[in-house]
Each structure stands twice: as structure tokens, then as C-alpha cells.
Amino acid sequence: MTVKETKKGKTSKAESSSDDDVTLSRKTKKETKKPAPKKEDAKVKKEKEPEEDTMIKWWEEGTQHPGGQHWLTLEHNGVLFPPEYVPHGLPCHYKMEDGKLKEIKMEPDEEEVCTMFAVMREQTRPPSDYYINPIFRKNFFMDWLQILNSNPERNMKRFGSKQHPIRSLEKVNFDRIWEWHLEQKEIKKALTKEQKLQIKKEKDEAEQLYKYCIWDGKKQPVGNFRIEPPGLFRGRGKHPLMGKLKRRVKPEDITINIGPGAKVPEAPAGHKWKEVRTDNMVTWLANWTENVNGQGKYVMLAASSMVKGKSDHKKFENARKLGQMIDSIREKYREGWKSPDVGIQQRSVAMYFIDFLALRCGHEKGEDEAETFGACSLKCEHINLEEERDHVVFDFLGKDSIRYYNKVKVESKVWELLRKFVKGKTPNSDLFDRLIPTHLNSYLKELMPGLSAKVFRTYNASWTLDKEFFDDPVSDSISLPEKLVYFNAANTKVAILCNHQKSVGKGFQKAMTVLEDRLKMLKNLYSRLEDVKELSKKHKNNWQAKVDEQWEKDEHEQQQAWLEQYGTEEEKTAYKEKRAGKKPSKPKTTTATTTTKSSSSKPKEPEKKKSDPKPKTKREKKQMESDSDSDIPLAKKKKASKSAKGDDSGSDVPKKKSKKTKLEKRKAFESSEEDEPMKKKSKK
DNA sequence: GAGATTGACTCAGAAAAGTGTTA
DNA sequence: TTAACACTTTTCTGAGTCAATCT
């Protein structure tokens, strides 16, 4: 089998993102969109401008520069810096030895870093549960503390001691800053449409200068021309450096790469670039070294640019070439299993994994990186041969600390070799102790020029998608949504092969609860309607009265049960009073919708009497109905945090409220979601 | 029935984390 | 063999959009 033939010629955006099936699906969605509405038109128009410039048929041109040079002329306007920090001037509070809360005013440098952390309070769920993550907290605090103690004289003046009074993160209360953050969000949210448009317009205008460059005389879109703003490093998985301060990048950190004779972009007033160079052997326009991992960051062209298109094109051509040779390559690694050389055996089994399971190559990782693995770096503990013969269970963390768990049937010889490789080794030993990625890639180059481990992934992802389309061709007669379903199904196969996963969103659990509740409620309603049906059959003459009576009885029983378990005294009284003068409600199917909306299968709360203080807004009303730390709207959270202010523990870590709130009642009713680890779901 | 509100969904861009080559 | 460098791959995040629902 070969990589899809249609890939010849213009590489579509979808294809150009390698084995990235996500991009592939996005492309389809775009293509299958209905005739664009007004706003879409504007969007299309907006995008058209650069597209015209990039619609050069570079794949038909032989514009390859000699000696691996990427360009001959290059002009650009440099990079866009994030705005300077604007201090809010709010203090934090610190629980002193005597238990009293001391207000700590901060200098802008201290406040900026403090605020980075303080505003993360709501991010207490996977995958962004940084705020409560001990590693994150420790790293943040170490870096913050360094700033707090960076100026002993300043501290002496302010606190009468060279050392800053803040010594422990657990004793710091960030409530004021958190409230300010919520207010800012509300203010932003409350902006009118016009104001929002104006802000966007101004932003676009400021960016215009940096969006394009002139590459060999052609206008090309630049990708990440914005310099990454300072923040706390959000390492994934168990990254040991998560929470560390990512410093503000200054012009003095940046190297500009520009064509000979081109106008060098001016550094911001009062600053200068680290270096200005002309290097056409690389494609980046600017670079700097990020302080947390010490890695280089590059400003490069956008994915839609000519140079990236060419690169993608080359990649898929490579995969296609592999498709033509795959049989002989597979034969070679199978022969390798029989080699007397353990090194060759290991290499051949690793190749089998890379090909058969689409595993990544797996380079060695440093101590300051999250422990993740790939084919070459697998440890003995990552495979389990205890299962039935020829079956292997893989269980390890791959790129981005995404778990790879797979029980597969492998070829007998592979199973035997694996048993041999693990024999006498500790669980933490390298499975392939005689193999390093460089050697593997060198060998692959011998088999086919341009072949490396990752080409297998591109090839197999393409092949899988191709096979899906080939085995079950899409019918012309099906509708557009059906075509989308068809495509997504094929795409899912690729996602599974490549172990592409996405953590569930914040609202997933809540949405599921709502759906489950709705289902429960509908089932309950259905069963009651069945009863009514029976009743009406039984009492043919006075069925209406009987049905009313039965319905009222059911409603009352359910209401009573709910009040008994969760209701307050006021609610019980209100219900009693209401019932005293109430007529039986009729069984109406619309009741279902109303109850559903309140996202509960439980009986409705007693209706508010006319004299009851009515919530003015929907938000207020909702707040009365439910009050969840995780899903409450911001305004409610603000109130929640205000109430938490009285907590003299000093710590700002969200805690369960002492008073039993409706949320807790509801949580008691539903299953708790906080303690349950968030499951990952397949991307599609 | 109109306007407001809400929440789900989509998408693009940001940025982290890989791979592979070279000195 | 290793580290640096350059580039790709992949996930996360926030803004915008739209439809359902509420007032």
C-alpha cells in the first residue's frame, strides 16, 4: 500500500500537518461549511489577502537554492513584545506567628509574579490543576521568594528586616488579588460589542506590521511573531520545573536574523537587540533562549507559508517513498529478529514497535524534564509479558505525559525476544539497552535516504486513513453531516493509532451529569405516564379526576422526599403553605423541560411565593439554585471567595465551606466529581 | 415575540514537548 | 558521545459564534 496518491501536487493544509489528524479534521469542517454567513465572509476576506501572496505554485517550481540555503533575501519588522506589567497595587495577606493576618503591600516586581499565581485559583482541575499541584507551588514559591528577598535594603525599610516576612506559601492569602481578577474579567465581559470591536481593531493594527515578511521577494505570513509573555511555566505531566517563573523577554535577549542589506527592525526605545545576524541556512527570523528549560525559542513563518508547505510536502513525499519500500523494510527487521547480535535484535524489535504500534522514537530525557518514553527508551516495567502468550501489555507515559496503554498480540518471535530482553533486568532497566535513537536513525537512512523513525508515523497515519476510505468509500448520495460523521470515524482510527488524546474539558463532568439527570428524569416521567395510562384504562368514567389525584400524589411524595433530605426549614414551611392552597397540577409533558432545565431529576424545589424576594437577574437566581466551586459563574465565585475571606487559616487554597450549601446538598445527591480522576477521552 | 443570557462548541494561536542533525 | 540547535508535533487555552432557553 502507498500513501494516498492525491497527496501529489498541492499539499493541502490538512495533509501538511503530518500525522496530525486534528488539523485534518479541522480542514474538513471548514470545507464542509455551509455557505458562509456575513461574518464568515469577512473572515474569508481577511484571510484572502495573504493567501493571494502564498498561492504561488511552489511545488511546481524548482526554486531550490544551492547548498541548502533557505532564502537569498529576507525582510521583516522584528517581533511584537507583550505589554508592560501594570500594577494593581493590591496587597496580599500573611498569617503571622501570632495567628493574625498582616497586610503585605508589594512592589511591582513582587506583585507581578504574585498575581501570576493568585489568578490561577480556579485552575484546580486536570489538566490545569497547577494551583494545587505541590511541584508547581514549590517552584513558584521558590522563584517568588527570590524576588521578595532580592532587595534586602528595600525589605529593611519596609519591614525592619532584610528578609521578607513571607516565608511560607501556605500562609499567604491572595483573596484581594483574586477578587480583583474576577472584577477585571467581569469588566472585560461587560464591554459593549462596539468596545470589543474597537479593542480588536487596535490590536490588529498593532500586529499588522509583524504579520508578514518578504522572503525572496514574496510576502509570507509569519507565525509566532508575538514574544511569549512572562508567566509561570506550565509543564505537563510531572514536569519538575512546572511553576517556575518564565521571565519577561527583553530585546537584549533576542537575536534578529535578517537578509543582507535589509533594514534592521528597530528595538524598542532605550533597548537594543542581543545580536543581528544574516544566516540563510536557517528559517527563523528571531530567536531567544527561554530561562526555565534553557531551550531556544524561534520566530518562524506560519504553517500556511511557502517554506512550511515545502517542508510538509517533502515529509509526505518521504512517507510515500517509505510506502514503496515498506515490504522490504519489514522483511529486513523480521530477519533482524533472527540475528545472533542482540543489538540488531533490539533494533529490529524497536523498529517493529515503531512501525506496528506507531510509537515515537523516544530520546533520552534529562533530569529536569518529565519522565516520558518512546520505543527506544522503554523500560522493562513498561511492558508486561505475564499475559497469555504472544500478548504484550504496554503501559507508559509518552509525549506530553499522555499514557500509552495497549494490550496487543505481537508476533511469536517478538514475544520471545522481549522475554529475553527483560530477563535478569530490574523493572527500571532499559528494555533496549543496546540501542540509541541516533544509531537507529542512521540505520534507517541506510535502508532509505531520508528515512527516520518519525516517517513511519506519518506513513502509518496516512495509510490508516487511506485504508478507511478505500475499504468503505463515501457515497455521493449521503448528506454533508453524514459525510462529516464518515470522515470523523476514519479520523478516529488514526487518532487511536497515534494515541492522540485530549483531556476532558472543564464542563465535561457537569454536562454529563446534566445529561444523566435528564435521562433519569425522562425515564421517571415515562414510567409515571405509563401509570397514568393504566389508570385511565381502569377508570374509564372518571379517569381525569383519578389521574389528577395520582399525579398530585406522586409529585407530593417526590417533593417530600427531596425536602426531607435536602430542604431547609424555610423551604419546608413554604411548601406546606403553598400546598395548603394549591390545586393539583396536571400531568403536562412540558414539566419535563422545566425540570430538566434545572438540571435535576429530583423533584422541583418548592416554588417561590409571590412575597419571596425574587432574584433580580438570572445569574442571581441561578446562584440560589446551585453553588458549585467548579462550575459557578465568576460573579458567584467572587461571593464565595468573599465569604472565604473570613477564614483565618491564612491559606488561600479552596476549602470546603463549613456551612452546608446547596452545592453540597446537590453534590451529596449526585456523585462527587472532585475526587474522581479526570478520564481522558479520545480526541474525536 | 423580542431581546438577553447562557452554555456548548469550534477554532486559531500559544506554547510545551517532541525529533533529528550537526559540530 | 553529547549538547546545541533547528524544526515539527501535539496539547492546551481563550475568544468568538451560535442556538437554546429564559425573561
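Analysis parameters
Residues numbered from 1 in each chain as written. Chains lettered and ligands numbered in written order. Predicted model: local features only at pLDDT ≥ 70, side-chain atom pairs only at ≥ 80, totals over all residues. Heavy atoms only, no water. UniProt positions renumbered as here; feature names shortened; annotations may be inferred. Helix = DSSP H or I, 4+ residues; strand = E, 2+ residues; numbered from the N terminus. Buried < 20%, exposed > 50% of the residue type's maximum accessible area, 1.4 Å probe, protein only. Contact = heavy atoms within 4.5 Å. Areas by Shrake-Rupley, 256 points an atom, 1.4 Å probe, with all protein chains shown as cover. Core = buried A, V, L, I, M, F, W, Y, C linked by side-chain atoms within 4.5 Å. Pairing = 2+ DSSP bridges. Axes fitted to C-alpha atoms, helices over the stretch in contact; angles between N-to-C directions. Parallel < 35°, antiparallel > 145°, perpendicular 65-115°, else oblique. Nonpolar A, V, L, I, M, F, W, Y, C, P; charged D, E, K, R; others polar. Phe/Tyr/Trp six-rings, centres within 6.5 Å; stacked < 30°, edge-to-face > 60°. Polar contact = N/O pair within 3.5 Å; in protein donor to acceptor, adjacent residues only side chain to side chain. Patch = residues over 30% accessible without salt bridge, like charges linked within 9 Å, V, L, I, M, F, W, Y side chains within 5 Å. Salt bridge = Lys/Arg side-chain N within 4 Å of Asp/Glu carboxyl O. Lys, Arg positive; Asp, Glu negative; His and termini not counted. Charge placed at Lys NZ, Arg CZ, Asp CG, Glu CD. Expected span 1.5 Å × (residues − 1).

Per an unreviewed UniProt entry, chain A carries the name DNA topoisomerase I and comes from Eutreptiella gymnastica. The Sequence similarities (unreviewed entry) comment attached to chain A in UniProt states, word for word, "Belongs to the type IB topoisomerase family." The record held by UniProt for chain A lists under Catalytic activity (unreviewed entry) the comment "ATP-independent breakage of single-stranded DNA, followed by passage and rejoining."

Draft legend 1. Main features of the overall build of chain A. Within chain A, the regular secondary structure consists of 21 helices and 17 strands. Sorting the 684 residues of chain A into buried and exposed places 40% on the buried side. Contacts in chain A between residues at least 24 apart in sequence constitute 67% of all its contacts with a sequence separation of at least 6. In the structure as shown, chain A presents an accessible area of about 39,600 Å², 53% of it carried by carbon and sulfur atoms.

Draft legend 2. Focus on the nonpolar core. Counting 45 residues, the largest nonpolar core has Leu-322, Val-349, Phe-353, Phe-394 and Leu-418 as the members making the most contacts within it. Every element with two or more residues in this core is listed here: α9 (306–337), α10 (342–356), β14 (391–397), β15 (403–409), α11 (412–422), α12 (437–447) and α13 (453–471). When near neighbours in sequence (up to four residues on either side) are disregarded, Leu-322 contacts Ile-329, Met-448, Leu-451, Val-455, Phe-456 and Tyr-459. In this structure, Phe-117, Ala-118, Tyr-131 and Val-172 belong to the second largest nonpolar core, which totals 27 residues.

Draft legend 3. Broad picture of the sheet that holds strand β12 (residues 296–299). Strand order in the open sheet formed by four strands is β10-β9-β11-β12, and the pairing between neighbours is mixed. Edge positions in the sheet fall to β10 (275–277) and β12, since each of these pairs with one other strand and no more. Strand-to-strand twist across the sheet, computed as the mean angle between neighbouring axes with direction ignored, equals 20°. For strand β11 (residues 286–289) and β12, the ladder comprises four bridges, and the chain directions are antiparallel. Counterpart to Ala-286 in the pairing with β12 is Val-299.

Draft legend 4. Expanded view of the packing of helix α4 (residues 108–118) against helix α7 (residues 175–190). Where α4 meets α7, the closest approach of the two axes is 9 Å, and the angle between their N-to-C directions is 70°. One finds that α4 runs roughly perpendicular with respect to α7. Of α7, the residues touching α4 (which contributes Cys-114, Thr-115 and Ala-118) are Ile-177, Trp-178 and Trp-180. Across the contact of α4 with α7, the residue classes tally to five nonpolar, one polar and no charged.

Draft legend 5. Representation of the sheet that holds strand β6 (residues 218–221). Spatial strand order, β1-β5-β6: three strands in an open sheet with antiparallel pairing. The sheet is open, and its two edges are formed by β1 (74–75) and β6, each paired on a single side. Relative to strand β5 (residues 212–215), β1 runs antiparallel, the two being bridged by two bridges. What sits directly across from Glu-75, in β5, is Ile-214.

Draft legend 6. Region of the structure containing the UniProt feature "coiled-coil region" (unreviewed entry) in chain A. Residues annotated by UniProt as "coiled-coil region" (unreviewed entry) correspond here to residues 182–209 and 512–542. Spanning residues 182–209, this segment combines 93% helix with 0% strand, and its end C-alpha atoms are found 33 Å apart.

Draft legend 7. Structural view of the packing of aromatic side chains. By the definition in use, this model includes 23 aromatic pairs. For the ring pair Phe-81 and Trp-273, a centre distance of 6.2 Å and an interplane angle of 20° mean the geometry is stacked. Here the residue Phe-81 occupies a position in the loop between β1 and β2 (92–95), and Trp-273 occupies one in the loop between β9 (255–257) and β10, the gap between them amounting to 192 residues. Judged by relative accessible area, which is 22%, Phe-81 ranks as partly exposed.

Draft legend 8. Region of the structure containing the pairing of β11. Where β9 lies against β11, two bridges are found, and the strand directions are antiparallel. Residue pairing in the sheet places Thr-255 in a bridge with Asn-287 of β11. Counting the residues that bridge the hairpin from β11 to β12 gives six residues, and of these Gly-294 lies at a positive phi of roughly 70°.

Draft legend 9. Structural detail: the side chain of Thr-115. As for its placement among the helices and strands, Thr-115 is situated in helix α4. Judged by relative accessible area, which is 7%, Thr-115 ranks as buried. At a separation of 3.4 Å, a polar atom in the side chain of Thr-115 contacts the side chain of Tyr-85. Here His-88 takes part through its side chain, which lies 2.8 Å from a polar atom of the side chain of Thr-115.

Draft legend 10. Region of interest: unusual backbone geometry. Even without being a glycine, Asp-400 presents a positive backbone phi close to 65°. If you trace the backbone, Asp-400 turns up in the loop between β14 and β15. Judged by relative accessible area, which is 36%, Asp-400 ranks as partly exposed. Despite not being glycine, Asn-499 has its phi angle at roughly 55°, a positive value. Structurally, Asn-499 is set in the loop between α14 (480–497) and β16 (501–503).

Draft legend 11. View of a positive patch on the surface. On the surface, a cluster of positive charge is made up of Lys-338, Lys-413, Lys-420 and Arg-434. Following the sequence through the fold, Lys-413 ends up in helix α11.

Draft legend 12. Seen up close, α10. In this model α10 runs 20 Å from its N-terminal to its C-terminal C-alpha over 15 residues, within 8% of the 21 Å that 1.5 Å per residue would give. Counting buried positions over the 15 residues of α10 gives 12, a clear majority of the element. Within the sequence span of α10, burial applies to Gly-343, Gln-345, Gln-346, Arg-347, Ser-348, Val-349, Ala-350, Met-351, Tyr-352, Phe-353, Ile-354 and Asp-355. Taken together, the buried residues of α10 touch α9, β14, β15, α11, α12 and α13. Near the N-terminus of α10, the side chain that reaches the backbone nitrogen of Gly-343, with its oxygen 2.7 Å away, is that of Asp-341. Phi for Ala-358, located one or two positions after α10, is positive at around 55°.

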